[in-house]
Amino acid sequence: MLELFSSAQFWVDVFEIVVIDLLLSGDNAVVIALACRNLPIEQRKKGILYGVIGAIGLRVVLTFFAVNLLALPYLKLVGGVLLLW
């Protein structure tokens, strides 16, 4: 497992996923704002803070999970075939 983190391909895959994730993360802010819009001021601040922390934490965990999935052989091929279907 340790040699996985030292490979250059691992870090390239992480970078690709992070860039894609950042491009698509604007909807998280909209969802958090919609969920907190009717709360009182103090609860709104806590809701936004916890929502942002949760979104970032999940993003980091799921990024590493996705990178490990991309290391599986033929996964990209299977995904491409499923997209064509």
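The rules behind each value
- Residues numbered from 1 in each chain as written.
- Predicted model: local features only at pLDDT ≥ 70, side-chain atom pairs only at ≥ 80, totals over all residues.
- Heavy atoms only, no water.
- Helix = DSSP H or I, 4+ residues; strand = E, 2+ residues; numbered from the N terminus.
- Rg over C-alpha atoms; globule rule 2.2 N^0.38 Å.
- Areas by Shrake-Rupley, 256 points an atom, 1.4 Å probe, with all protein chains shown as cover.
- Lys, Arg positive; Asp, Glu negative; His and termini not counted.
- Charge placed at Lys NZ, Arg CZ, Asp CG, Glu CD.
- Phe/Tyr/Trp six-rings, centres within 6.5 Å; stacked < 30°, edge-to-face > 60°.

S.K.: Just checking my understanding: could you explain the overall build of the protein chain for this structure?
M.R.: Along the backbone of the protein chain there are five helices and zero strands. In the protein chain, the succession of α and β elements from N to C terminus is α-α-α-α-α. Taking 12 Å as the expected radius of gyration for a compact globule of 85 residues, we find that the protein chain reaches 17 Å, considerably beyond that expectation. Reported as C-alpha extents along the three principal axes, the dimensions of the protein chain are approximately 50 × 35 × 15 Å. For the protein chain, the accessible surface area stands at approximately 7,000 Å², while carbon and sulfur atoms represent 76% of it. The protein chain carries 6 positive and 6 negative side-chain charges, and their two centres are separated by 17 Å.

S.K.: Even after reading the chapter, I still don't get the packing of aromatic side chains, so can you show me in this structure?
M.R.: Here the distance between the centres and the angle between the planes together describe a pair of aromatic rings. Applying the stated rule across the entire model yields two aromatic pairs. Chaining the aromatic ring pairs together yields one cluster made of Phe10, Trp11 and Phe64.

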